[in-house]
Amino acid sequence: MVESKSSRGERRSASGALTSRFYKVIPKVSDDRSRRRDLARIIIADDDPIIIEVVRQILEPHGHIVGALEDGMRVREVAEMKHPDLLILDCSMPGKSGLAALREVRDSPQCRQIPVLMLTARRSRSDEDIGYRTGADDYLVKPFDPDKLVFRVGRLLEKGSRSASFPTSLYG
């Protein structure tokens, strides 16, 4: 893959797709949500590369493709370009928090239906309530049980495939 750097430090592949140090380029697909559940495309935004790698090692053996961003700055932009099946966001990241990125995702007509799992070290009930009120579909606290992550991801992907089949103009 040939990459070039822009003046803002972004990397672009030969096809013009944005990449970053952690982001694995995921090809854009049509909005056909009939893809098999076990071939889900997931984007994780977390400033800890170890968490990113752990999530990859847990989810990729289940057939999922996992791309990553090291902060919340480009979550909405990448979600609009790549149309992932699921977003996994950390609450506390430099630049833009996962909650701010979640607000942007929910405000975007192109990606407001994407299920979002907050994966964070914030463990208080009020933090969890804020996550849900901001628009998270699920909330999982670090450290987490790998089986619980797989279960929650599967449940969100099933929910996402059901809601994607309904026209958004009729339901909000």
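Everything numeric in this text was worked out from a predicted model, so none of it was measured.

Cut-off values and rules
Residues numbered from 1 in each chain as written. Predicted model: local features only at pLDDT ≥ 70, side-chain atom pairs only at ≥ 80, totals over all residues. Heavy atoms only, no water. Helix = DSSP H or I, 4+ residues; strand = E, 2+ residues; numbered from the N terminus. Buried < 20%, exposed > 50% of the residue type's maximum accessible area, 1.4 Å probe, protein only. Contact = heavy atoms within 4.5 Å. Polar contact = N/O pair within 3.5 Å; in protein donor to acceptor, adjacent residues only side chain to side chain. Axes fitted to C-alpha atoms, helices over the stretch in contact; angles between N-to-C directions. Parallel < 35°, antiparallel > 145°, perpendicular 65-115°, else oblique. Salt bridge = Lys/Arg side-chain N within 4 Å of Asp/Glu carboxyl O. Arc of directions from axis to C-beta.

Chemist: Would you explain the overall build of the protein chain in this entry?
Modeler: When its secondary structure is counted, the protein chain shows five helices and eight strands. Listed by position from the N terminus, the elements making up the protein chain come as β-β-β-β-α-β-α-β-α-β-α-β-α. For the protein chain, the proportion of its 172 residues judged to be buried stands at 44%. Nonlocal contacts in the protein chain, meaning residues at least 24 apart in sequence, comprise 59% of its contacts between residues at least 6 apart.

Chemist: I tried to follow the environment of M118 on my own but got confused; where do I start?
Modeler: Structurally, M118 can be placed in strand β7 (residues 116-120). Taking the relative accessible area as the measure of exposure, M118 reaches 0% and is therefore buried. With 19 residues separating them along the chain, M118 and L99 place their C-alpha atoms 8.6 Å apart. Not counting the four nearest positions on each side in its chain, M118 is found in contact with L89, D90, C91, G98, L99, L102, A136, D138, Y139 and L140.

Chemist: Please clarify how unusual backbone geometry should be interpreted in this entry.
Modeler: Leaving glycine out, the prevailing phi sign among residues is negative, and the prevailing peptide bond configuration is trans. Residue K142 is joined to P143 through a cis peptide bond whose omega torsion reads -10°. Looking at the secondary structure, you find P143 in the loop between β8 (138-141) and α5 (146-163). Backbone geometry at H83 places phi at a positive 50°, although glycine is not the residue there. Here H83 lies in the loop between α2 (75-82) and β6 (86-89). Take H83: its relative accessible area is 11%, and that puts it in the buried class.

Chemist: Explain the side chain of D46 to me, please; I cannot follow it from the model alone.
Modeler: By secondary structure assignment, the location of D46 is in the loop between β4 (41-45) and α1 (49-59). For D46, the side chain forms a polar contact with the side chain of K142, separated by 2.7 Å. Those residues in contact with D46 that sit more than four places away from it in its chain are I51, I52, L69, E70, D90, M93, L119 and K142.

Chemist: How should I be thinking about the packing of helix α3 (residues 98-107) against helix α4 (residues 125-134) in this particular structure?
Modeler: At their nearest, the axes of α3 and α4 sit 9 Å apart, and the two run at 20° to each other. Judged by the angle between their axes, α3 and α4 are roughly parallel. For the pair formed by α3 and α4, the contact residues are L99, L102, R103 and R106 on the first element and I130, G131 and T134 on the second.

Chemist: So what exactly am I meant to see when it comes to the pattern of salt bridges here?
Modeler: Close approach of charged atoms lets side chains of opposite charge pair. Under the criterion given, the structure shown has 13 salt bridges. E60 is paired through a salt bridge with R56; the nearest N and O atoms lie 4.0 Å apart. When salt bridges with common partners are traced through the structure, they connect R76, E80, K96 and E104 into a single cluster.

Chemist: Can you help me understand α4 in this one?
Modeler: Since the α-helix advances by 3.6 residues per turn, residues separated by three or four positions end up pointing in the same direction. All buried positions along α4 are accounted for by E128, G131 and T134. What you see down the axis of α4 is that its buried residues fit within an arc of 130°, all on one side. Facing away from the buried surface of α4 by more than 90 degrees, the exposed residues are R125 and R133. Of the residues flanking the end of α4, it is G135, one or two places downstream, whose phi is positive at about 130°.

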